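Report on the structure
The lines below spell out each chain.
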Amino acid sequence: MKRVIVGMSGGVDSSVAALLLKKQGYDVIGIFLKYFDNKCPWREDSIDAMLVSQSLKIPFYIIDITKNYKNLIIDYLYKEYKKGYTPNPDIICNSKIKFNFFLEKSIFLKSHFIATGHYVIKKEVNENGKIYYKMRSGIDDNKDQSYFLCLLNKVQIKKSIFPLGWLNKKEVREIAKKYNLINANKKDSQGICFIGKIKFFNFLKKKLAEKKGIIIEINKNSHIFKLYSNIEYKKEYGKIIGHHIGAHYFTKGQRKGLKIGGYKYPLFVIEKDIKKNILYVGMGKNHPGLYTKVICIKNYNIHWIKIKIKIKIKINKKKMKIKVECRIRYRQNFQKASLYKKNNDLYVEFEIPQLAVNGGQFIVWYINNEVIGSGLISSNNEYSFL
């Protein structure tokens, strides 16, 4: 009997994942990871996970990883916002903590596999006698979580099982009800767990001090949108209309917190200059400054899952474009785009300009629903197309 470690969060997804694996004949061990003290309802979640484990008659452990979580996620979050980026802690957590930690425990517990309740599909492929594994989006478009697993490496994918990839959320809840799991109707978790009930702004203020700066409005008809494909905003391109309490608190596309009224349409952040502590804003959701046609991923921030595509781009000296579909955020519909290399960096050119693209976000590219690779989006001041 093959043994599998299941990461159990206390939610219905991971519980049904454990249930399905037990019914498939695996020797299942449940593990609950405690991330943080006195912030998120980890005690209630751990109790739910324990009660489900008891009903399934599987061993269950609670393991405290708060120190690692603080070093790798909390500190990372503050550091990135301080630099002006918009980080995604869930993606980093999956690759650097969850799956790494489960792999370490699998060796200790002599487990063959690790498993989670993510809605993704893993496939084994035999090509010319060589076996490799690929990861593709789950069949439930509304729950597909391949975006969050975009940084997994080959070993992590090979050792992982995703029992929910071929199911939708409704089916998962029906299974939970059929087997009387206590969390069958439990609501999905929302937001970032360790922040708890405080606002994210207040969370950032704990480490990032307020710093008064100016807000500059850029008119949507400004000449800069006609002359440049990658704009370096300057004070003289617009007019000062107010002040803010710190450019690092804001992200591109944000409208709340500006506290400036009297405009026909809402004001949105279209760019920020962290060094000079300036916010650039534009009026209306159709403002050209909110949209991005081409983004860059620096060479050291590119992560490939399907090496063949990487090689195909690399060996072509001329600018060769590879057609893909992309996401820059969870639950976003696939966006048609092309990949090409320039000066060893990777560029993604969208067919339709994308709204509110921020440096520090992750972009994931797919071909036929298969995750091909991903990358950390660079901010405007890190590259130029001119």
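Residues numbered from 1 in each chain as written. Predicted model: local features only at pLDDT ≥ 70, side-chain atom pairs only at ≥ 80, totals over all residues. Heavy atoms only, no water.

Counting its secondary structure elements, the protein contains nine helices and 18 strands. Here the C-alpha radius of gyration of the protein, 23 Å, is about what a compact globule of 386 residues would show, namely 21 Å. Overall size of the protein, expressed as C-alpha extent along the three principal axes, is 70 × 50 × 35 Å. The contacts in the protein between residues at least 6 apart in sequence include a share of 68% that link residues at least 24 apart. When the accessible surface of the protein is summed, it comes to about 20,200 Å², and 50% of that surface belongs to carbon and sulfur atoms. Where the 72 positive side-chain charges of the protein centre and where its 31 negative ones centre are 2 Å apart. (Helix = DSSP H or I, 4+ residues; strand = E, 2+ residues; numbered from the N terminus. Rg over C-alpha atoms; globule rule 2.2 N^0.38 Å. Contact = heavy atoms within 4.5 Å. Areas by Shrake-Rupley, 256 points an atom, 1.4 Å probe, with all protein chains shown as cover. Lys, Arg positive; Asp, Glu negative; His and termini not counted. Charge placed at Lys NZ, Arg CZ, Asp CG, Glu CD.)

Our next topic: the pairing of strand E8 (residues 213–217). Looking along a regular strand, one sees the side chains alternate between the two faces of the sheet. Of all five residues in E8, five are buried; the element is thus mostly enclosed. Here five bridges tie E8 to strand E9 (residues 239–244), and the two strands are oriented antiparallel to one another. Counterpart to Glu217 in the pairing with E9 is Lys239. (Buried < 20%, exposed > 50% of the residue type's maximum accessible area, 1.4 Å probe, protein only. Pairing = 2+ DSSP bridges.)

The next subject is the nonpolar core. Ile31, Leu33, Tyr69, Met135, Leu258 and Phe362 are the most contacted members of the largest nonpolar core, which has 53 residues in total. No other element matches helix H4 (residues 89–108), which puts eight residues into this core. With near-sequence residues (within four places) excluded, Ile31 lies in contact with Ile5, Val6, Gly7, Met8, Tyr61, Ile63, Phe102, Lys105 and Leu109. Ranked by size, the runner-up nonpolar core spans 28 residues in total, among them Val4, Val52, Ile161 and Leu181. (Core = buried A, V, L, I, M, F, W, Y, C linked by side-chain atoms within 4.5 Å.)

Positive phi, close to 55°, is recorded for Lys259, a residue that is not glycine. Mapped onto the secondary structure, Lys259 falls in the loop between E9 and strand E10 (267–273). For Arg331, which is not a glycine, the phi torsion comes out positive at approximately 70°. Tracing the backbone shows Arg331 in the loop between strand E14 (322–327) and strand E15 (335–342).

This part takes up the packing of helix H3 (residues 66–83) against H4. Between H3 and H4, the shortest axis-to-axis distance is 10 Å and the interhelical angle comes to 150°. Considering their axes alone, H3 and H4 lie roughly antiparallel with respect to each other. The element H3 and its partner H4 pack so that their crossing is right-handed. Within the contact between the two elements, H3 uses Asn68, Tyr69, Leu72, Ile73, Tyr76 and Leu77 and H4 uses Pro89, Ile92, Cys93, Lys96 and Ile97. Looking at side-chain class alone, the contact of H3 with H4 contains nine nonpolar, one polar and one charged residues. (Axes fitted to C-alpha atoms, helices over the stretch in contact; angles between N-to-C directions. Parallel < 35°, antiparallel > 145°, perpendicular 65-115°, else oblique. Left-handed = near helix turned anticlockwise from the far one by under 90°. Nonpolar A, V, L, I, M, F, W, Y, C, P; charged D, E, K, R; others polar.)

Moving on: the packing of aromatic side chains. Scanning the model with the defined rule gives eleven aromatic pairs in all. Consider the rings of Phe99 and Phe162, whose centres lie 6.4 Å apart with planes at 50°: the pair is tilted. Taken together, the residues span a long stretch of sequence, with Phe99 in helix H4 and Phe162 in the loop between strand E7 (160–161) and helix H6 (169–178) at a distance of 63 residues. Phe99 gets classed as buried once you look at its relative accessible area, which sits at 1%. Under the relative-accessibility criterion, Phe162 is labelled buried at 8%. Through a chain of ring-to-ring contacts, three or more aromatic side chains come together here, namely Tyr147, Phe148 and Tyr330. One residue, Arg327, lies across the ring of Phe334, its end atom 4.2 Å from the ring centre. (Phe/Tyr/Trp six-rings, centres within 6.5 Å; stacked < 30°, edge-to-face > 60°. Lys NZ or Arg CZ within 6 Å of the ring centre and 35° of its normal.)

Bringing the UniProt feature "binding site: ATP" (unreviewed entry) in the protein into the picture now. In this structure's numbering, the residues bearing the UniProt feature "binding site: ATP" (unreviewed entry) are Gly7, Met8, Ser9, Gly10, Gly11, Val12, Asp13, Ser14, Leu33 and Gly117. Relative to the elements of secondary structure, Met8 occurs in the loop between strand E1 (3–7) and helix H1 (12–23). If we ignore the near neighbours within four places in the chain, the residues touching Met8 are Ser14, Ser15, Ala18, Gly30, Ile31, Phe32, Ala49, Val52, Ser53 and Ile58. For Ser9, the location among the structural elements is in the loop between E1 and H1. Setting aside residues up to four positions removed in sequence, Ser9 forms contacts with Ser14, Phe32 and Asp45. Among the polar contacts listed, one links the side chain of Ser9 to the backbone nitrogen of Gly11, at a separation of 3.2 Å. (UniProt positions renumbered as here; feature names shortened; annotations may be inferred. Polar contact = N/O pair within 3.5 Å; in protein donor to acceptor, adjacent residues only side chain to side chain.)

It is worth spelling out the packing of H1 against H6 at this point. It is the contact of H1 with H6, at a shortest axis distance of 10 Å, that shows an interaxial angle of 65°. Taken together, the axes of H1 and H6 lie roughly perpendicular to each other. The element H1 and its partner H6 pack so that their crossing is left-handed. Facing H1, whose interface residues are Val12, Asp13, Val16, Leu19 and Leu20, H6 presents Lys169, Val172, Arg173, Ile175 and Ala176.

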